[in-house]
Amino acid sequence: MDTLSAILFATIVAGTPLIIVALGQLIAEKSGVLNLGAEGMMAMGAIAGFAITHHSGSPWLGVLAGMAAGALMSFLFAIVVLTLMGNQVATGLALSILGVGLSAFIGKPYESEILPTIGPIRIPLLADIPIIGDPLFNQQALVYLSWLLFAAIAWFLYRSRPGLVLRALGESPTSAHSIGYPVIRIRYLATLFGGAMAGVGGAFLSVFYTPLWVEGMVAGRGWIAIALVVFATWRPLRVIVGAYLFGGVMVAQLFVQGSGLGVNIPSQFLSALPYLATIIVLVIISRDQNTVRLNAPVSLGQPYRPEA
Amino acid sequence: MTSATDGAPAFRLELEGITKIYPSVIANEDVSLKVEQGEIHAVLGENGAGKSTLMKMIYGVAKPDAGQMKWEGELVHVENPAHARSLGIGMVFQHFSLFETLNVVENVALALPGNPELAQLAAQITEVSNRYGLPVDPERLVHALSVGERQRVEIIRCLLQNPRLLIMDEPTSVLTPQAVRKLFDTLRQLAAEGCSILYISHKLDEIQELCHVATVLRDGKVTGDCIPSQETPQSMASLMIGKELPVPEHDAPSELREVRLKLNRLSKPSEDPFGTELRNIEFELRSGEILGIAGVSGNGQQELLYALSGEELVSDPDSVVICGHPSGCDMPDRRRRNGMGFVPEERLGRGAVPRMSLTENALLTAHPADMLNHGMIRFDRISAFARNCIDDFNVKCGGEEHAANSLSGGNLQKFIMGREILLAPKLLVVAQPTWGVDVGAAAFIRQRLIDLRDEGTAILVISEELEELFEVSDRIAVIADGRLSPAKQLADTDIDEIGVWMSGMWDQPATAELDAHA
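Conventions and cut-offs
- Residues numbered from 1 in each chain as written.
- Chains lettered and ligands numbered in written order.
- Predicted model: local features only at pLDDT ≥ 70, side-chain atom pairs only at ≥ 80, totals over all residues.
- Heavy atoms only, no water.
- Helix = DSSP H or I, 4+ residues; strand = E, 2+ residues; numbered from the N terminus.
- Contact = heavy atoms within 4.5 Å.
- Areas by Shrake-Rupley, 256 points an atom, 1.4 Å probe, with all protein chains shown as cover.
- Lys, Arg positive; Asp, Glu negative; His and termini not counted.
- Charge placed at Lys NZ, Arg CZ, Asp CG, Glu CD.
- Pairing = 2+ DSSP bridges.
- Axes fitted to C-alpha atoms, helices over the stretch in contact; angles between N-to-C directions.
- Phe/Tyr/Trp six-rings, centres within 6.5 Å; stacked < 30°, edge-to-face > 60°.
- Buried < 20%, exposed > 50% of the residue type's maximum accessible area, 1.4 Å probe, protein only.
- Salt bridge = Lys/Arg side-chain N within 4 Å of Asp/Glu carboxyl O.
- Patch = residues over 30% accessible without salt bridge, like charges linked within 9 Å, V, L, I, M, F, W, Y side chains within 5 Å.
- Polar contact = N/O pair within 3.5 Å; in protein donor to acceptor, adjacent residues only side chain to side chain.
- Buried area = accessible area lost by both parts, 1.4 Å probe.
- Core = buried A, V, L, I, M, F, W, Y, C linked by side-chain atoms within 4.5 Å.
- Domains from an automatic or database assignment.
- 1 Å grid on protein atoms, 1.4 Å probe; cavity = no way out; pocket = protein on both sides within 12 Å on 5 of 7 lines; lining within 4 Å.
- Points joined across faces, edges and corners; volume = space filled by probe spheres on them.
- Nonpolar A, V, L, I, M, F, W, Y, C, P; charged D, E, K, R; others polar.

A. The arrangement of the overall build of chain B in detail. When its secondary structure is counted, chain B shows 17 helices and 23 strands. Projected onto the principal axes, the alpha-carbon positions of chain B cover approximately 70 × 55 × 45 Å. Counting contacts in chain B only where the partners sit at least 6 residues apart, residues at least 24 apart contribute 67% of the total. A total of about 20600 Å² of accessible surface is found on chain B, and carbon and sulfur atoms cover 50% of it. Separation between the mean location of the 48 positive side-chain charges and that of the 76 negative ones in chain B comes to 3 Å.

B. Local environment of the sheet that holds strand β4 (residues 66–71) of chain B. Residues and elements named next belong to chain B. Spatially, β2-β1-β4-β5 is the arrangement adopted by the four strands of the open sheet, whose pairing is antiparallel. The open sheet is flanked by β2 (26–35) and β5 (74–76), the only strands paired with a single partner. If you compare each strand with its neighbour and ignore which way they point, the axes differ by 25 degrees on average. Judged from the five bridges that link them, strand β1 (residues 13–21) and β4 form a sheet pairing that is antiparallel. In the sheet register, Leu-13 faces β4, and the bridge partner there is Trp-71. Across the sheet, helix α1 (residues 51–58) touches β1, β2 and β4, and the angle it forms with β1 is around 120 degrees.

C. The packing of aromatic side chains, seen in detail. Residue and element names in this part refer to chain A. Within the structure shown, the criterion is met by eleven aromatic pairs over all chains. With a centroid separation of 6.3 Å and 75 degrees between ring planes, the pair formed by Phe-137 and Trp-147 is classed as edge-to-face. Of this pair, Phe-137 sits in helix α5 (residues 133–137) while Trp-147 sits in helix α6 (residues 141–159); the two residues are ten residues apart in sequence, bridging distant segments of the chain. Residue classification places Phe-137 among the buried positions, given a relative accessible area of 17%. Judged by its relative accessible area of 24%, Trp-147 falls in the partly exposed class. Taken together, a centroid distance of 5.7 Å and an interplanar angle of 70 degrees make the contact between Tyr-144 and Trp-147 edge-to-face. With Tyr-144 and Trp-147 both in helix α6 and three residues apart, this pair spans about one turn of that helix. The class of Tyr-144 is buried, set by a relative accessible area of 14%. Three or more aromatic residues joined by ring pairs make a cluster, and in this case those are Trp-60, Phe-204, Phe-208 and Tyr-209.

D. Looking closely at the pattern of salt bridges. Residue and element names in this part refer to chain B. On inspection of all chains with the given rule, the structure shows 32 salt bridges over all chains. Its salt-bridge partner being Glu-72, residue Arg-164 comes within 3.0 Å of it at the nearest N-O pair. Here the residue Arg-164 occupies a position in the loop between α5 (147–159) and β7 (165–169), and Glu-72 occupies one in the loop between β4 and β5, the gap between them amounting to 92 residues. In this structure, Arg-387 engages Glu-400 in a salt bridge whose closest nitrogen and oxygen atoms are separated by 2.8 Å. Taken as a pair, Arg-387 in helix α12 (residues 379–392) and Glu-400 in the loop between α12 and α13 (409–422) lie far apart in primary sequence, 13 residues in all. Classification of Arg-387 as partly exposed rests on a relative accessible area of 40%.

E. Region of interest: a nonpolar patch on the surface. All names here are of chain A. Taken together, the side chains of Leu-4, Leu-126, Ile-129, Ile-131 and Ile-132 make up a nonpolar region of the molecular surface, amounting to roughly 410 Å² of accessible area. You can see Ile-131 is positioned in the loop between β1 (121–122) and α5. With a relative accessible area of 44%, Ile-131 lands in the partly exposed category.

F. Geometry of helix α3 (residues 104–111) of chain B. For α3 of chain B, a buried count of eight out of eight residues is recorded, marking the element as mostly surrounded by other parts of the structure. Its side-chain oxygen placed 3.2 Å from the backbone nitrogen of Val-105 of chain B, Asn-103 of chain B serves as the N-cap of α3 of chain B.

G. Inspection of the interface of chain B and chain A at higher detail. Contact residues are listed per partner, giving 30 residues for chain B and 20 residues for chain A. Counting each side, the surface lost to burial between chain B and chain A is near 2100 Å², with a carbon and sulfur contribution of 54%. Looking at the side of chain B facing chain A, the largest losses of area belong to Phe-99, Thr-101 and Leu-110 of chain B, adding up to 30% of the total buried there. Joining chain B to chain A, the criterion identifies one salt bridge. One salt bridge connects Arg-167 of chain A with Glu-106 of chain B, and the closest N-O pair in it is separated by 3.3 Å.

H. Layout of the nonpolar core. Residues Leu-110, Ile-125, Leu-166, Leu-187 and Tyr-199 of chain B are the most contacted members of the largest nonpolar core, which totals 133 residues. At twelve residues, helix α9 (residues 183–209) of chain A tops the list of elements feeding residues into this core. Residue contacts for Leu-187 of chain B: discarding those within four places in its chain leaves Ile-40, Leu-166, Met-168, Ile-197, Tyr-199 and Leu-210 of chain B. Judged by nonpolar contacts, the second largest core, of 46 residues, contains Ile-290, Leu-407, Met-417 and Trp-506 of chain B.

I. Examining the domain arrangement of chain B more closely. Segmentation of chain B into domains returns domain 1 (13–241), domain 2 (248–339 + 427–518) and domain 3 (348–424). Each of domain 1 of chain B and domain 3 of chain B has a C-alpha centre, and these two points are 31 Å apart.

J. Quick look at unusual backbone geometry. Residues and elements named next belong to chain B. The residue Asn-162 is not glycine, and still its phi comes out positive at about 45 degrees. Checked against the element boundaries, Asn-162 lands in the loop between α5 and β7. Residue Asn-280 is not a glycine yet carries a positive backbone phi of 50 degrees. Within the secondary structure, Asn-280 sits in strand β12 (residues 278–286).

K. Broad picture of empty space enclosed by the protein. Residue and element names in this part refer to chain B. Per the stated rule, a full pass over the model turns up two cavities of 30 Å³ or more. A volume near 40 Å³ is recorded for the largest cavity. Tallying contributions element by element places α5 first for the lining of the largest cavity, with three residues. Tallied by class, the residues present in the lining of the largest cavity amount to six nonpolar, one polar and three charged. The space that makes up the second largest cavity amounts to roughly 30 Å³. Surrounding the second largest cavity, Gln-301, Leu-305, Glu-345, Ala-431, Gln-432, Ile-462 and Glu-464 form its lining. Class assignment for the residues of the lining of the second largest cavity results in three nonpolar, two polar and two charged.

This is how it looks when you write it as structure tokens:
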């Protein structure tokens, strides 16, 4: 593998957890639920995934466990904000802090453990394409799954009727209720999906990406995923672009740090670069007010109380 | 569910002793109502009389606290609107239940069972819209539609569900007289086919023309049932408001004084890809007169209003002259300081901030009227102003500290009109002053507009209700496809002529004359 292929490969791997988490959040937000707890749900997904993989030896059971952990966290969140009408922003922040802290507590015994590295799955023929073949088609299974997830969500939102209902509900829960859709139930499902995907994203980090458990290993990716959704103006394709951009800059700055390249830039600045670059680019592409108006869920973050 | 069509006397819908209590108000008390198959049944009542609440309970949006409902002879508890629709109940809402970021087809699809093919549905929509004279483009996004067009979408959406009971909440307020006639034909045809219709309207002449039976509500209670064809509008109005209906007094304007609003060949491409382009609009509006602009919704009214209010600016400052100031490039605040008052079409969101109190909403436009002390709010003055507005305009609300969205549409409209009128503007631009407002309140608002004119204010009323324009205007013009007809003195025209003009056909010589005049 030459350098370019290697960078491309690493970019895609780095972008994958963001795609999974952000697409999950996109669904939740389209229903009008703003869950700022992604960071905490990812952390819980990461530790659950790591622990189960460690004990069972099956990374897939680990991913399932991560999914369950994320969904459980989002279920707590949903009870507070959907049933008890709590404030979504405050509850989400609390969920983040809870998840990060709790995962560190649970993860103490696993600090020194390392999981066996999981090899990529090679897709015959396609992987033989020069330069891009290897990074695109000789990848971790979850990378392919993230693409499937993207296709499924794009189809769901813009081609299927439940997706139409979801978009409508996020725009006006009152109208959706008055024509007979179960607003709270749909929001529960969307929130749970968001949580499950955040858990999968976390498990990807600890089971496939590193693969080890370190406290705080999510490192702000949950927040980046939330920002991605907003700046991608709630459109799946832009989420993918943003996630790979983040991954690309992340890998490039690591490359610069590692090789030295003879430039003297503080490493802290380089580490901040992916976050900065992603947000700047996404802000620029989301300038168009019409796009925002047409895609932003109007009711985002507002509790909905059905008329009795 | 059993079929009652062959059972002899079963009513389609029976309500008995329905009571609904909200924390601050009894919305319905012991309301009973019977609707027969194929009957067009009017529900009459002032704002806050409980009509909408009653309809919401029938449609399953709200649940009654007491009383029972029978559907085709069977006792039912309507759990939710989906349940209501499965029973065969359809409803056209007064406050629309449409989704702005979706297009018309998607909005309709959301209310239909199953998973209709969108392309096929679009064809169905076009067919229904042609059949019932409700023109609407299925591909357009709802946020780009005017209020009238949105209502058409609501009506079409209901008709596509083939309901056996159709609830219509103020359905005709934004239709042309011709379209109202078409709609009535449709409703009669539906009724003849056996569909029952619950018809809420404040237009007594329409109820007389259309409805078989009427139930009158006042303060949440039934005050009487009547056969509209055997009543006069006056007798029904007095059943409804408990006293005689005031008729606005409308003398000819006294002398006309200076020009307060002048449009010079106002042209403006629409910022919205689906909007209407304004083309060479010009007129003069003088102190002490009311100019009415009629037109079917979606013909440029919104664009004209935005250009007048300053929410959208035009490139040539001289094309909008407000009280002598070239204002085309002025922001709304500047225009208000030059003496303009403005009441937009949408009450919540543009006319008032839904979650703010009435006091705070009053402050939004009244702040130049000595409500500030070096930038600090003088709360005593602003609450006094809001209280004054509530008293003077008879706004039914819990007090000036209640949020704007806690008021019914008509009461909020009275408050907003009051807020602008009490500021004694030199020029007042009003859109749909009495949309969805009941007869009593509408007559009151119209009278206040005429009084304000007599005090020398120049008033522009843009409305889709012809009767209203004929009641208040001194001169009347028509907007069609972004062009404005010449303005005619009220005495020189009639509803039929204006109705023809609304389709854009005013005579060529008159237009030329207007051009020459400018």
